[in-house]
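Topology and contacts: notes
The primary structure of each chain is shown beneath.
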Protein chains: 2
Amino acid sequence: MLTYPMEERGGLPLYEYLYRRIRADILSGALAAGERLPSKRALAEHLHLSVITVEGAYQQLEAEGYVYTRPKRGFFVSSIERAPEAEAPPPPLPAQAAPHWRLDLKSNQVDTGRFPVSTWSRLTRQVLSEGGQALLHPVPHQGLPALRQAIADDLRDYKGMSVSPAQIVVGAGAEYLYLLLAQLLGPDAVFAVEDPGYPKIRQVYGKCGARCCPVPLDRQGLDPAALHASGASVAHLSPSHHYPTGLVTPIGRRQELLRWAGEQSAFIIEDDYDSEFRFSGRPIPTLQSIDRGGRVIYMNTFSQTISPSMRVGFMVLPPRLLARYRRELDFYACTVPALEQHVLARFLAGGYYEQHLARMRKEYRLRRDRVLDAFRASPFAGRISISEQGAGLHFLLRLDTPLSDEALGRRAEALGVRLGFLSEYAAVPNPAHAHTLVVNYAGLDAERLPEAMALLAAVF
Amino acid sequence: MLTYPMEERGGLPLYEYLYRRIRADILSGALAAGERLPSKRALAEHLHLSVITVEGAYQQLEAEGYVYTRPKRGFFVSSIERAPEAEAPPPPLPAQAAPHWRLDLKSNQVDTGRFPVSTWSRLTRQVLSEGGQALLHPVPHQGLPALRQAIADDLRDYKGMSVSPAQIVVGAGAEYLYLLLAQLLGPDAVFAVEDPGYPKIRQVYGKCGARCCPVPLDRQGLDPAALHASGASVAHLSPSHHYPTGLVTPIGRRQELLRWAGEQSAFIIEDDYDSEFRFSGRPIPTLQSIDRGGRVIYMNTFSQTISPSMRVGFMVLPPRLLARYRRELDFYACTVPALEQHVLARFLAGGYYEQHLARMRKEYRLRRDRVLDAFRASPFAGRISISEQGAGLHFLLRLDTPLSDEALGRRAEALGVRLGFLSEYAAVPNPAHAHTLVVNYAGLDAERLPEAMALLAAVF
């Protein structure tokens, strides 16, 4: 009869301890395959346990497949493969520590210090206290209707776009929307991407198995002749503010691009990332708002304008793609939590979002002016030329240097300075891009400027 | 000289109104390409405006490409393509209205009514008041360290899994993790999926361009001979609780599947969806915890246990895949907002999650017993057989009927009843699946049972 020292079970419940001991005997072979276990009653008497305890252990063993029952005959040991020699799993890689830079001009940092956290918190508390259970209900796959309405209103009021909330799809950030678009446009779509351009766009489409062809820019934006020649069926553009050159595509070129889309039955993805931080005049009309052929997918994200830890982006689908989206992709659940959607809807509808943008524009303009002044007063002022388009949180700085970008980057790194180069954004190497830094200045506040200039002087 | 009725500008700023009028004249052709605009000073005098106002309008026109400057000569009208005839965009599709069912046994509804909303709200308020600015900082791409630690602790305490937080990747729900896995395992991976099985798994992999081969189940789970023959390099399984059959894979079969993975250098995705609602005994050891070869990717989601509006899932990568993930996919930002991650970390670490699960298990067990009793006491009791594995929120019900599943479904629909059939989960049609309903009973509370039985009696 099975005999176990039940008093040695520590904090375990009796049935759990018994289950573990019998399991260990089965795994070690002490109980052989096919062997019959004592009846529940007999084992209970033998070990001074209740029948219910033994039954609990036997049921667990049976549920996990260690024993099986034969009607009216009781419990039998299953045939179990012995676990292979306990080869210790290789230790997991260490957690990645972010390197610490004395000066980082490369990271696309957002200054979140001025975000109205207290307003956001107040709206969150409001939603939590008013919403209650409703917050737990599934959100429609395109996103919360109230949020889509607030986005449509904001697009109308601040970008002159006439969009129905039904055309809007909300998702967990721009990258997720790129994934959805790759699936929506299908495996045969060929994506024209801007060269130079934001590398994640190429990376995401590439990981989706889509074919990307980099198309060069001229001084107005994507080169139409090269676009025609590429054979692309989709063009992913940022006409309002190209990253990283800052280029703004003028109206004539926009019309030319729309005509290309109409003639080729192609689509244009208008990625309006970073267009909010335009420092003069009103925003330039979006491609979407002058598109009469239903060929433009407009997209934007709140990661840059609110905070990168807020994963919410959206896209506006033209009707023919909306129908396809609902037919083919409506099985995807909406990826943004209900709470965030409720709070963001109120943040937009209450006007807090546009207030925040206006304040940030003012702040970033000041910062830009200070940063430009500092560069112009620096010891290396004679060796640089800056090109800046009055928009976005970065500018291009061309440096007169005999060093290659790589050598310059290494020298900077040795001094704790992280530089970003235009050449890193190029899909096809282009000598015209050399010696040009992409300076992201959103993180450069006034106190840090003298140190930053001294560090750069040492690098250059 | 340009003349505009500035008093008719309504609420627009002067410069904006002037910009719009000149733009309209350029677009209509009233101002021809190449024409020179009046000097700022001349136009300002003519219209009784300040020079700054005219300058604002001209700058905006120039920024948008409607005019260009020639040094020392002033502003000239650009050559603009006229917009094509304003073809009204086709009206967007109407928003989709969810159909209203008198009885819905198909939707995998979660009873969110018992979720401790007040605890969740309290933790959210705590995080908001303590976290402040920190909430706006970008989250590491694998997820917040505190959340990954809390998940690792929970896996250790409640599933006996030894996992380092460094192995965990947090993402916006299970479907998003399927997308990442398809990209991680590469375009050449062939995915064996359970047949019958959860259709979204096939759908997501299919949309990612991955090849899926449905592998049939026998009474213990995935059939090893069929798995071998499939040539798959990855098997996506739910051994703890298969959906929709409820099947639990016994230990011997688990070892066999692990051996297959080792021999074929294949991977197993252990999808532990819905395993928490096991009604008797302790959870069955996961494949991950008995895997010595580093071949298992464990994944689970909080959508089913907390709420479908909470998009958080996670996966545990074996070290060799973790290294690949960091090499190839670390450019993806984490898709879950920081706030949700902070709150969920506290919800887990504070023990509220497991308390909630324990309460829900008790509640669902009660509900299951009541539902089973109601079926057994129904007028159609003699024509049904129920198979139920003491786990999950659904069971299989085989109905003795001459009707096809389609005919039965249509008849039910006409009565406002939504039925789910096992045959709908099959990739390859199998007559053995016919006449079998998948009954999701999480939404069936006691008050609704008599009506539900009456409706079903009418359908059957």
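Here, every reference points to the structure presented above.
Definitions and limits used
Residue numbers restart at each chain and count upward from 1, following the sequence in its written direction. Each chain takes a letter, starting from A, and each ligand takes a number, starting from 1, following the order in which they are written. Side-chain atom pairs in this predicted model are given and counted only at pLDDT of 80 or more, local residue features only at pLDDT of at least 70, and totals for whole chains, interfaces and linings cover all residues. Calculated side-chain values reflect all of the structure's heavy atoms, with hydrogen atoms and water omitted. Secondary structure elements follow DSSP: runs of H or I no shorter than four residues count as helices, runs of E no shorter than two count as strands, and numbering proceeds from the N terminus. In this setup the radius of gyration rests on C-alpha atoms only. A globule is expected at 2.2 Å times the number of residues raised to 0.38. Residue exposure (1.4 Å probe, protein chains only): buried if accessible area is under 20% of the type maximum, exposed if over 50%, otherwise partly exposed. Nine residue types can take part in a nonpolar core, namely buried Ala, Val, Leu, Ile, Met, Phe, Trp, Tyr and Cys, and a core is a set of them joined through side-chain atoms within 4.5 Å. Only heavy atoms enter the contact rule, under which two residues are in contact if any of them lie within 4.5 Å. Strand pairing is assigned whenever DSSP identifies at least 2 bridges connecting the two strands. Any carboxyl oxygen of Asp or Glu within 4 Å of a side-chain nitrogen of Lys or Arg constitutes a salt bridge here. As used throughout, the charge tally considers Lys and Arg to be positive and Asp and Glu to be negative, leaving His and the chain termini uncounted. Polar contact is defined as a pair of N or O atoms within 3.5 Å, subject to the rule that within protein one atom must be able to donate a hydrogen and the other to accept it, and that residues adjacent in sequence are counted only when both atoms are side-chain atoms. Where helices are involved, their axes are fitted lines through C-alpha atoms of the stretch in contact, as for all axes, and angles between N-to-C directions lie from 0 to 180°. Patch definition: residues above 30% relative accessible area lacking any salt bridge, with like charges linked at up to 9 Å and the nonpolar side chains Val, Leu, Ile, Met, Phe, Trp and Tyr linked at up to 5 Å. Exposure was quantified through the Shrake-Rupley algorithm and a 1.4 Å probe, taking into account, for residues, occlusion by the shown protein chains and nothing else. We put the charge of a Lys on NZ, of an Arg on CZ, of an Asp on CG and of a Glu on CD. Each angle receives one of four descriptions, namely roughly parallel if under 35 degrees, roughly antiparallel if over 145, roughly perpendicular if within 65 to 115, and oblique otherwise. Here a crossing is called left-handed whenever its near helix is offset anticlockwise from the far helix by less than a right angle, and right-handed whenever the offset is clockwise. Put simply, Ala, Val, Leu, Ile, Met, Phe, Trp, Tyr, Cys and Pro go in the nonpolar bin, Asp, Glu, Lys and Arg in the charged bin, and everything else, Gly too, in the polar bin. Ring pairs shown here join Phe, Tyr and Trp side chains whose ring centres sit within 6.5 Å, with only the six-membered ring taken for Trp; geometry is labelled stacked below 30 degrees between planes, edge-to-face above 60, and tilted in between. Definition used: whenever NZ (Lys) or CZ (Arg) falls within 6 Å of the ring centre and also within 35 degrees of the ring normal, the charge is taken to sit over that ring.

**A look at the overall build of chain A**
- Within chain A, the regular secondary structure consists of 15 helices and 15 strands.
- Computed over its C-alpha atoms, the radius of gyration of chain A comes to 31 Å, more than 25% above the 23 Å expected for a compact globule of 460 residues.
- Principal-axis analysis of the C-alpha atoms places the extent of chain A at approximately 95 × 55 × 50 Å.
- Sorting the 460 residues of chain A into buried and exposed places 56% on the buried side.

**Considerations on the nonpolar core**
- Of all hydrophobic cores here, the largest spans 86 residues; its most connected members are F302 of chain A together with F302 of chain B.
- Setting aside residues no more than four positions away along its own chain, F302 of chain A makes contact with I151, S307, M310, V312, F314, L344, L348 and Y353 of chain A.
- Judged by nonpolar contacts, the second largest core, of 63 residues, contains V169 and A189 of chain A together with L180 and F331 of chain B.

**With respect to the pairing of strand β15 (residues 436–440) of chain A**
Residue and element names in this part refer to chain A.
- Burial analysis of β15 places 5 of its 5 residues in the buried class, the great majority of the element.
- Of the two faces of β15, the one carrying T436, V438 and N440 and the one carrying L437 and V439 are both buried.
- Note: strand β13 (residues 394–399) against β15, 5 bridges, orientation antiparallel. Residue pairing for β15: R398 is matched across the bridge by T436.

**Regarding the pattern of salt bridges**
Residue and element names in this part refer to chain A.
- Tallied over the entire structure, the rule returns 32 salt bridges over all chains.
- As a salt-bridge pair, R156 and D153 come within 3.4 Å of each other at their nearest N and O atoms. Here R156 and its partner D153 are both found in helix α5 (residues 145–159), 3 residues apart, which amounts to about one turn of the helix.
- Exposure remark for R156: the relative accessible area of 46% places this residue in the partly exposed category.
- Given a relative accessible area of 26%, D153 falls into the partly exposed group.
- A cluster of three or more residues bridged by salt bridges with shared partners is formed by D153, R156 and D157.

**Some thoughts on the environment of I306 of chain B**
Residue and element names in this part refer to chain B.
- Looking at the element boundaries, I306 is found in the loop between β10 (296–301) and β11 (313–316).
- The class for I306 is buried, based on a relative accessible area of 2%.
- Put simply, I306 and D111 are 195 residues apart on the chain and 9.3 Å apart in space, counted from C-alpha to C-alpha.
- In this structure, I306 is in contact with T112, F115, W120, L344, F347 and Y353, ignoring residues within four places of it in sequence.

**Some remarks on the side chain of D195 of chain A**
All names here are of chain A.
- Mapped onto the elements, D195 comes out in strand β5 (residues 190–195).
- Buried and unpaired, D195 has R202 as its nearest opposite-charge partner, separated by 4.8 Å.
- Reaching out from D195, the side chain makes a polar contact with the backbone nitrogen of A427 at a distance of 2.7 Å.
- With sequence-adjacent residues up to four places away left out, D195 is seen in contact with P214, V215, P216, L217, Y425, A426, A427 and V428.

**Here we look at the sheet that holds strand β12 (residues 384–387) of chain B**
Residues and elements named next belong to chain B.
- Taken together, the 3 strands give an open sheet; going across it, the order is β12-β13-β15, and neighbouring strands pair in antiparallel fashion. At either end of the open sheet lies a strand with only one pairing partner, and these are β12 and β15 (436–440). Here the average twist between neighbouring strands, direction ignored, is 30°.
- Pairing geometry for β12 and strand β13 (residues 394–399), over 4 bridges, is antiparallel. Each bridged residue has a counterpart across the sheet, and for I384 the counterpart in β13 is L399.
- Against the sheet, helix α13 (residues 352–376) engages β12, β13 and β15, with an angle of about 10° to β13.

**A few points about a positive patch on the surface**
- A cluster of basic residues, R122 and R125 of chain A together with R122 and R125 of chain B, forms a positive patch on the protein surface.
- Sorting the residues of the positive patch by element identifies α4 (117–131) of chain A together with α4 (117–131) of chain B as the ones contributing at least two each.
- When you line up the elements, R125 of chain B lands in helix α4.

**A few points about the sheet that holds β11 of chain B**
Residue and element names in this part refer to chain B.
- One open sheet accounts for 8 strands, arranged β4-β11-β10-β9-β8-β5-β6-β7; its pairing is mixed. Each edge of the sheet is formed by a strand with only one pairing partner; in this case those strands are β4 (168–171) and β7 (221–222).
- Contacting β5 (190–195), β6 (211–218), β8 (234–237) and β9 (267–271), helix α7 (residues 199–207) crosses the sheet at an angle of about 160° to β5.

**A closer look at the packing of α4 of chain B against helix α12 (residues 338–349) of chain B**
Residues and elements named next belong to chain B.
- Packing of α4 against α12 leaves a shortest axis separation of 9 Å and a crossing angle of 120°. Judged on the interaxial angle alone, α12 and α4 are oblique. The element α4 and its partner α12 pack so that their crossing is right-handed. From α4, T119, W120, L123, T124, Q126, V127, L128 and E130 reach across to α12, where they touch L339, H342, V343, L344, R346 and F347.
- When its residues are assigned to classes, the contact of α4 with α12 shows 8 nonpolar, 4 polar and 2 charged.

**Section: the packing of aromatic side chains**
- Scanning all chains against the criterion turns up 41 aromatic pairs over all chains.
- Here the aromatic rings of F115 of chain A and F347 of chain A are separated by 5.5 Å at their centres, their planes lie at 40°, and the arrangement is tilted. Within this pair, whereas F115 of chain A is found in the loop between β3 (103–104) and α4, its partner F347 of chain A is found in helix α12 (residues 338–349), the two being separated by 232 residues in sequence. Both residues of the pair, F115 of chain A and F347 of chain A, belong to the buried class.
- Here F375 of chain B and F395 of chain B contribute two aromatic rings whose centre-to-centre distance is 5.8 Å and whose plane-to-plane angle is 90°, an arrangement assigned as edge-to-face. Of the two residues, F375 of chain B sits in helix α13 while F395 of chain B sits in strand β13, which places them 20 residues apart along the sequence. F395 of chain B shares its class with F375 of chain B; the two are buried.
- Through pairs of rings, three or more aromatic residues link up here, namely F375, F380, F395, Y441 and F460 of chain A.
- Between R70 of chain B and the ring centre of F76 of chain B, over which it is positioned, the NZ or CZ distance is 5.1 Å.

**Quick look at the packing of helix α2 (residues 40–47) of chain A against helix α3 (residues 51–63) of chain A**
Residues and elements named next belong to chain A.
- Relative orientation of the contacting elements α2 and α3 amounts to 120°, with a least axis distance of 8 Å. Taken together, α2 and α3 sit at an angle that is classed as oblique. Considering only the axes of α2 and α3, their crossing is right-handed. For the pair α2 and α3, the contacting residues are K40, R41, L43 and A44 in the first and V51, V54, E55 and Y58 in the second.

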